[in-house]
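Examination of the molecular architecture
Here is how the chains run, residue by residue.
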Amino acid sequence: MADSAQVVREQDPVRSVLRADGSLAGDPRRALGLTPEGFVDLYRKMVSIRRADQEALNLQRQGELGLWGQFLGQEAAHVGATMALEPTDWIFPSYREFGMAMCRGIDPATMLTVFRGLTHGAWDPRKFHFAPLAIPVATQVPHAVGFAMGSRLEGSGEVVLVTFGDGATSAGDWHEAMNFAGVFKAPVIFLCQNNYWAISVPLPRQTAGRIADRAAGYGFPGIRIDGNDVLAVFAATRAAAERARRGDGPYLIEAQTYRMGAHTSSDDPTRYRTAAELEAWSSKDPIARYERWLRAEGLLDQAGVDGIGKEAESTAEKMRTRLREAPAPDPGKAMFDRVYSRPSPGFQQEREEFESSLESPG
Amino acid sequence: MSSVTMAKAINTSLRDALRKNPKTLIFGEDVGPLGGVFRITDGLQKEFGEDRVFDTPLAESAIIGISVGLALKGFRPVPEIQFDGFIYPAFDQIVSHVAKYRNRSGVPLPITIRVPFGGNIGAVEHHSESPEAYFAHTAGLKVVTPATPGDAYGLLQSAIEDDDPVVFFEPKSRYYLKEEIDLPSAAVPIGKAKISREGSQVSVIAYGPTVETALQAARSAEQEGISLEVIDLRSLSPLDTETVLASVRKTHRAVVVHEAPVFGGFGAEIAARISHDAFDVLEAPVARVAGLNIPYPPARFEKLYLPDADRILQAVDAALAYG
């Protein structure tokens, strides 16, 4: 297969396949290796994760979740990157990658139990090749590099994608991990979802340079792409994965996008950004843009759009019901079960004392 | 039987772990051709190759961070942190991830972090610290430290075979302490203290480098007709409270010894447990003989800072004279 990054126009400072108006800046069909169903599936997944994201915010507003961090506006990055990988490739998320988790087949209701305060991690990473959420910013980046080093040592062929925001690129762990990846030629893709805001701090306060350029300092390539263009994200990720699988080492993708929602449900973005800025990014919406192109290409019609909308509605509805029905786990199990593989007698004794304190009144 | 140093015992233990399990990896700063600044990994890269024993860039947080990823991939990483005072850049990875990953995901992380620790080597700043309490305080980690070559071998085998993360503190001032043993020596389970010397009047509870100091004190005390029981904890977390309490129930007096500053040190945990669980038998308050509450001093003054046999004996005398 041709290097799919060729569809990304070299001369653009921000590379896209689809322009904001939905017209095509290159011919992605041949190079991306996607079938007509494959193209529509990217749309279906973006619609589905956006609807679920909105539902999660609703659930938070209704007191069903303690916190929610929306990824509204970043659907192209979530779907494009995940779908460009093999299912056996590993993804190391930060804490906003609910959409990626859904694309990997993790039950969204199960995932939301984390934000309902029932568990710190609701899925088996080994089953979905999807690491637990990493809440301290950038700390997951060296994990991904270590895993990729292991994959290379074993020759097992898995590629690793680690994703993070623009804020993470200021952290020491990010730089240390980038450096290790370069030195050990680890098969890892660094996907920066540069959404411009790290809570309230804008990009110019994170870095005076270009994030994509950082890769050169660590001895491997980096590109900046239009992160609201699902085909550009898909193309770049696919190209980086092929490259890594060939043994050519790491790659940095800076996907320029925008966090349309608040940092989390506890945040008030009106304190630090303008409505005009939001408006400008609305016109670059990843779903609307892609839908226009699919319709123009005859890959999707109104009936298709309606059907996909209904599917997303039904997924959100099921997620809602299942979450509200999720049983609260037994406190002893939830708190003590997973701390040690073989708990010591002292640990067991503390657990028993705790559990019996729950049973006895007063 | 032959005379084996602790350095040799640890080196042999690492070699045997690499032989036993092809998933065992050793890495860190200068552990390759140099064999480590203390030569603990001497010859290992030559024998097992650069894929299994390798130098890393100089970045402690990433050394531990990649260990998490390698463990997820199915390896048994044995990273080395070159000196105690250089572990702090990795503190976040150890506390936020190494300790908590299993609790978060159900996936065990069989990582053994080796750290030479403690003072008494005449070093510059950051090379003589005893940071064990930070880690013992963190649930999800096991924290162990040997005091003898035989225990160093056996405890390291147990640490590397353990499915959970272990911080393995090596008393660097005792690297050249010798013991007549055969290697491989017996396995040493994590979480079991040992009686290093039996006695009847005061229990002296120590770990790592101060076990030898406590034994010196016990030999001196014997000259004066005082019988000290020396307990080597070996494992701080999990803690073998039973062995400690059994000894104190026999002697009715306890002195806890470590190099780390006394304030908030691990001795406070021991003292609290004894005071709570053996209050009825105590004939003197539990004493702590430890480092001063200052940053580790310049080398010229370290002998004044570190617990020595005399300070232990003063505490023993006070315990015997109490009341």
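Here we come to helix H10 (residues 266-277) of chain B. All names here are of chain B. Between the first and last C-alpha of H10 there are 17 Å, a value that for 12 residues agrees with the 16 Å anticipated at 1.5 Å per step. Restricting attention to buried positions, one finds in H10 the residues Phe266, Gly267, Ile270, Ala271 and Ile274. Summarising the axial view, the buried residues of H10 lie within an arc of 140°, below the 170-degree limit, and thus occupy one face.

There is a patch of like negative charges on the surface, built from Asp30, Glu50, Asp51 and Asp55 of chain B. In this structure, Asp55 of chain B sits in strand S3 (residues 53-55).

This part takes up the sheet that holds strand S11 (residues 228-232) of chain B. Residues and elements named next belong to chain B. Spatially, five strands are ordered S9-S11-S10-S13-S14 in an open sheet, and the strand pairing comes out mixed. Strand pairing shows two members of the sheet lacking a second neighbour, strand S9 (194-197) and strand S14 (287-291), which therefore form its edges. Direction aside, neighbouring strands of the sheet carry axes that sit 25° apart on average. Lying on the sheet, helix H8 (residues 209-223) is in contact with S9, strand S10 (202-206), S11 and strand S13 (254-261); it crosses S11 at an angle near 170°. Running at roughly 165° to S14, helix H12 (residues 309-321) makes contact with S10, S11, S13 and S14 of the sheet.

What follows covers the interface of chain B and chain A. Across the contact, 42 residues belong to chain B and 41 residues belong to chain A. Summed over both partners, the interface of chain B with chain A buries about 3,300 Å², with 60% contributed by carbon and sulfur atoms. In terms of surface lost to chain A, no three residues of chain B exceed Lys73, Asn103 and Arg104 of chain B, which account for 20% of the buried area on that side. Seen at the junction of chain B and chain A, the total is three salt bridges. Here Lys73 of chain B ties to Glu158 of chain A by a salt bridge, and the two come within 3.3 Å at their closest N and O atoms. Linking chain B to chain A there are 19 residue pairs in polar contact (both at pLDDT 80 or more).

Take the environment of Gly69 of chain B next. Residue placement: Gly69 of chain B occurs in helix H3 (residues 60-72). For Gly69 of chain B, a relative accessible area of 0% gives the class buried. When the C-alpha positions of Gly69 of chain B and Leu109 of chain B are compared, they lie 9.2 Å apart, and in sequence the two are 40 residues distant. Residues in contact with Gly69 of chain B, not counting those within four places in the same chain, are His143, Gly146 and Phe147 of chain A.

Moving on to the domain arrangement of chain A. Domains assigned within chain A are domain 1 (4-328) and domain 2 (330-362). Its C-alpha centre places domain 1 of chain A at a distance of 38 Å from the equivalent point of domain 2 of chain A.

Our next topic: unusual backbone geometry. Note the cis peptide between Leu183 of chain B and Pro184 of chain B, where omega equals 0°. Inspection of the secondary structure puts Pro184 of chain B in the loop between strand S8 (178-181) and S9. In this structure, the amide linkage connecting Ser237 of chain B to the following residue, Pro238 of chain B, adopts the cis form with an omega of 0°. Following the sequence through the fold, Pro238 of chain B ends up in the loop between strand S12 (235-237) and helix H9 (241-251). Of note in the backbone geometry, Ile199 of chain A takes a positive phi value of approximately 50° without being a glycine. Examined against the element boundaries, Ile199 of chain A turns out to sit in the loop between strand S4 (197-198) and strand S5 (201-202).

What counts, and where the lines are drawn
- Residues numbered from 1 in each chain as written.
- Chains lettered and ligands numbered in written order.
- Predicted model: local features only at pLDDT ≥ 70, side-chain atom pairs only at ≥ 80, totals over all residues.
- Heavy atoms only, no water.
- Helix = DSSP H or I, 4+ residues; strand = E, 2+ residues; numbered from the N terminus.
- Expected span 1.5 Å × (residues − 1).
- Buried < 20%, exposed > 50% of the residue type's maximum accessible area, 1.4 Å probe, protein only.
- Arc of directions from axis to C-beta.
- Patch = residues over 30% accessible without salt bridge, like charges linked within 9 Å, V, L, I, M, F, W, Y side chains within 5 Å.
- Areas by Shrake-Rupley, 256 points an atom, 1.4 Å probe, with all protein chains shown as cover.
- Salt bridge = Lys/Arg side-chain N within 4 Å of Asp/Glu carboxyl O.
- Lys, Arg positive; Asp, Glu negative; His and termini not counted.
- Charge placed at Lys NZ, Arg CZ, Asp CG, Glu CD.
- Pairing = 2+ DSSP bridges.
- Axes fitted to C-alpha atoms, helices over the stretch in contact; angles between N-to-C directions.
- Contact = heavy atoms within 4.5 Å.
- Buried area = accessible area lost by both parts, 1.4 Å probe.
- Polar contact = N/O pair within 3.5 Å; in protein donor to acceptor, adjacent residues only side chain to side chain.
- Domains from an automatic or database assignment.

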